[in-house]
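# Fold and geometry: a report
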Amino acid sequence: MKVFLISDISDIDGLTPVILSELAFEDFDYHLLHVTKLDEYLKEKIQEKFFDDYDKVFLTDLCMSREMAEEINTLSWKDKFQVLDHHYRNLELNQYSFITVVDERNGIHESGTSLYYEYLLKHYRNEFLMKNSVSYMVSLVRLNDTWEWKKFGVEEARYLPILLGYYGIDFYIQNYVDFLKKNKEFYFTKAETILIDTEKRRIQEYIEEQKPNVIFKELDGYRVGIVFAELYRSELGNELAEFYRDKVDVIMIINLNRSLSFRGIKEDYDVASFASLFKGSGHKLAAGAPLPDGLKEKIVDFIWKEVQAS
Ligand SMILES: [Mn+2]
């Protein structure tokens, strides 16, 4: 069986399905992308008949638009696709046979990785997938992605994104494929523990540095705290939302090289619906959106004008 995986490039929840696929399948290829690029990518690849080479195409931690799903639904081979997603705004797409979206089940929030792992265990169970090391890593990813680690006090769930930051995507994947094949139990090595401790200190310093830089605004009934940052968006967003709890309902992080991120900690404020004002989407407490077109050029123009006026 030849398998193709399309998954979200932006965090460990999107990357871990690649690792799991390496454990589950012998003949396997993948492509990582940002969800905003997914429709375009699918359209192109369907036109090229790219998927003809594959028996199964998984999409994890992301979902196509309704229009795209509608288009795929007309294909005779649509059930070659299997979407496993947990973004609750896509729940209504469950009507399609090839889409499964689960946000919460029995009080537990799912993640792309946990849904994919469950699917693999059900259909492609093997000795690798059944290892404790694998199921433990999957649980860390889920706790991290849903931010439930805070509730359960599982500090270790913070560590995988830290290592991803150090290793980069390709090495992170290869490292954990090898590790999980070799080890029955999951653990962080001595060297990794040193990296993690150092990084934890740096994250805390970075957050402290950003606290006084927050710009306060209001939009659509939301009180917004805005910061410019490129690093540690989840840690930063959550901690700032906590720190400014009385002043803001949502934290907006502007990463000029990537995207807008939104983080909240209040159940009554839907961060994903706030993100939709910026053509974004996500979860109730964590969401993202693309940068406005031409933003960098506008910033440069603004700086130029200031200089010329002076
Ligand atoms: Mn996710």
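These figures come from a predicted structure and were not determined experimentally.

About the thresholds
Residues numbered from 1 in each chain as written. Predicted model: local features only at pLDDT ≥ 70, side-chain atom pairs only at ≥ 80, totals over all residues. Heavy atoms only, no water. 1 Å grid on protein atoms, 1.4 Å probe; cavity = no way out; pocket = protein on both sides within 12 Å on 5 of 7 lines; lining within 4 Å. Points joined across faces, edges and corners; volume = space filled by probe spheres on them. Helix = DSSP H or I, 4+ residues; strand = E, 2+ residues; numbered from the N terminus. Nonpolar A, V, L, I, M, F, W, Y, C, P; charged D, E, K, R; others polar. Donors = N, O, S within 2.8 Å, 3.2 Å for Na, K, Ca; no water. Buried < 20%, exposed > 50% of the residue type's maximum accessible area, 1.4 Å probe, protein only. Polar contact = N/O pair within 3.5 Å; in protein donor to acceptor, adjacent residues only side chain to side chain. Contact = heavy atoms within 4.5 Å. Pairing = 2+ DSSP bridges. Domains from an automatic or database assignment. Buried area = accessible area lost by both parts, 1.4 Å probe. Salt bridge = Lys/Arg side-chain N within 4 Å of Asp/Glu carboxyl O.

## Considerations on the layout of surface pockets
- For the second largest pocket, the calculated volume is near 250 Å³.
- The wall of the second largest pocket is formed by I215, K217, I226, F228, M252, I254, L256, L260, F278, P292, L295 and I299.
- Taken together, the elements giving at least two residues each to the lining of the second largest pocket come down to strand 8 (215-219), strand 9 (222-228), strand 10 (250-254) and helix 12 (295-309).
- When the residues that make up the lining of the second largest pocket are grouped by side-chain class, the tally is eleven nonpolar, no polar and one charged.

## Quick notes on the coordination of the manganese ion
- Taken together, D13 (OD), D61 (OD), H86 (NE2) and D145 (OD) make up the protein donors of the manganese ion, found 2.2 to 2.3 Å from the metal.
- Counting residues between consecutive donors of the manganese ion along the chain gives the motif D-x47-D-x24-H-x58-D. One end of the pair, D61, is in the loop between strand 3 (56-60) and helix 3 (66-73); the other, H86, is in the loop between strand 4 (81-85) and strand 5 (99-101), with 25 residues separating them in the sequence.
- The class of D61 is buried, set by a relative accessible area of 3%.
- On the basis of relative accessible area, H86 is assigned to the buried category, the value being 2%.

## Some thoughts on the side chain of E148
- With respect to the element layout, E148 can be found in the loop between helix 5 (132-145) and helix 6 (149-152).
- The exposure class assigned to E148 is buried, which follows from its relative accessible area of 5%.
- Side-chain polar atoms of E148 contact the side chain of H109, separated by 3.0 Å.
- The residues touching E148, leaving out its near neighbours within four places in the chain, are G107, I108, H109, R142 and L143.

## A closer look at the pairing of strand 11 (residues 260-263)
- Of the two faces of strand 11, the one holding L260 and F262 and the one holding S261 and R263 are both buried throughout.
- Here strand 10 runs beside strand 11; their pairing, made up of four bridges, is antiparallel. Bridge pairing in strand 11 links M252 to F262.
- Taking the residues that link successive antiparallel strands as the turn, the strand 10-strand 11 hairpin has five residues.
- As paired elements, strand 11 and strand 13 (residues 286-289) share four bridges and run antiparallel to each other. Looking at the pairing, R263 lines up with A286 of strand 13.

## Here we look at the domain arrangement of the protein
- Along its sequence, the protein is carved into domain 1 (2-188) and domain 2 (212-296).
- In this complex, domain 1 contributes nine residues to the contact, which on the side of domain 2 involves 13 residues.
- Taken as a group, Y88, R89 and W147 account for 53% of the area that domain 1 buries against domain 2, more than any other trio of residues on that side.
- Linking domain 1 with domain 2 are one salt bridge.
- Where E235 meets R158, a salt bridge forms, and the shortest distance between an N and an O atom there is 3.0 Å.
- For the interface between domain 1 and domain 2, the tally reads five residue pairs in polar contact (both at pLDDT 80 or more).

## Focus: unusual backbone geometry
- The residue W147 is not glycine, and still its phi comes out positive at about 60°.
- Inspection of the secondary structure puts W147 in the loop between helix 5 and helix 6.
- Taking relative accessible area as the criterion, W147 reaches 18% and is therefore assigned buried.
- A positive phi angle is found at K279, which is not glycine, with a value near 65°.
- The exposed category is assigned to K279, whose relative accessible area is 74%.

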